[in-house]
Amino acid sequence: MRISEAHQDSWFRSHALGAYATGVSLAGDLDRSTLLLRESMRFGVEVEDRIQVAWAVEELGLIAAGHGDPERGAILEGVYAGMAAEMGLQAQVSPWHDS
């Protein structure tokens, strides 16, 4: 992360934050994971990495559902599915979660 900050590498930072967020989420800290994913999305938007942004939206949907807000989770999963379809991809549930 420090190297990407020093070189202003937003693409790597977006992906590193997303990966870190997954680990944090699996460890049970959904609030921290949410913050990391939002930061990941910010950098993903900056470099126009639509796949990374869509993935972060999917993860946020899974977290919302796991955090007791299934309606928000369903909305975010729908957004993810729409984003995936726009890119010609088939939306799939993340393999990192048992939902």
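Before going into details, it helps to say that this report is about the structure given with it. Here the structure is a predicted model, which is why all the values come from computation and not from measurement.

It is worth spelling out the overall build of the protein chain at this point. A tally of regular secondary structure across the protein chain gives 5 helices and 0 strands. Burial analysis of the protein chain (99 residues in total) assigns 40% to the buried set. Surface summary for the protein chain: the accessible area is close to 6100 Å², and the carbon and sulfur share equals 56%.

Turning to the nonpolar core, a few remarks are in order. Soluble globular proteins tend to pack their nonpolar side chains together in the buried interior. Leu36, Leu37, Met41, Ala56, Val57, Leu60 and Met83 are the most contacted members of the largest nonpolar core, which totals 18 residues. Where this core is concerned, the elements lending two or more residues are helix H2 (10–26), helix H3 (30–46), helix H4 (50–66) and helix H5 (70–86). The element that contributes the greatest number of residues to this core is H4, accounting for 7 residues.

The next point concerns unusual backbone geometry. Backbone geometry places glutamate 48, a non-glycine residue, at a positive phi of 60 degrees. Tracing the backbone shows glutamate 48 in the loop between H3 and H4.

As enumerated under the stated definition, the model contains 0 aromatic pairs in all. Taking NZ or CZ as reference, arginine 42 lies 4.3 Å from the ring centre of phenylalanine 43, over its face.

Next up on the list: H3. The terminal C-alpha atoms of H3 lie 24 Å apart, and with 17 residues this matches the ideal 24 Å at 1.5 Å per residue to within 8%. Among all positions of H3, only Leu30, Ser33, Thr34, Leu36, Leu37, Ser40, Met41, Phe43 and Gly44 are buried. Check the buried side of H3 and you find it contacts H2 and H4. Looking one or two residues past H3, glutamate 48 carries a phi angle of roughly 60 degrees, positive in sign.

Rules used in this analysis
Residues numbered from 1 in each chain as written. Predicted model: local features only at pLDDT ≥ 70, side-chain atom pairs only at ≥ 80, totals over all residues. Heavy atoms only, no water. Helix = DSSP H or I, 4+ residues; strand = E, 2+ residues; numbered from the N terminus. Buried < 20%, exposed > 50% of the residue type's maximum accessible area, 1.4 Å probe, protein only. Areas by Shrake-Rupley, 256 points an atom, 1.4 Å probe, with all protein chains shown as cover. Core = buried A, V, L, I, M, F, W, Y, C linked by side-chain atoms within 4.5 Å. Phe/Tyr/Trp six-rings, centres within 6.5 Å; stacked < 30°, edge-to-face > 60°. Lys NZ or Arg CZ within 6 Å of the ring centre and 35° of its normal. Expected span 1.5 Å × (residues − 1). Contact = heavy atoms within 4.5 Å.

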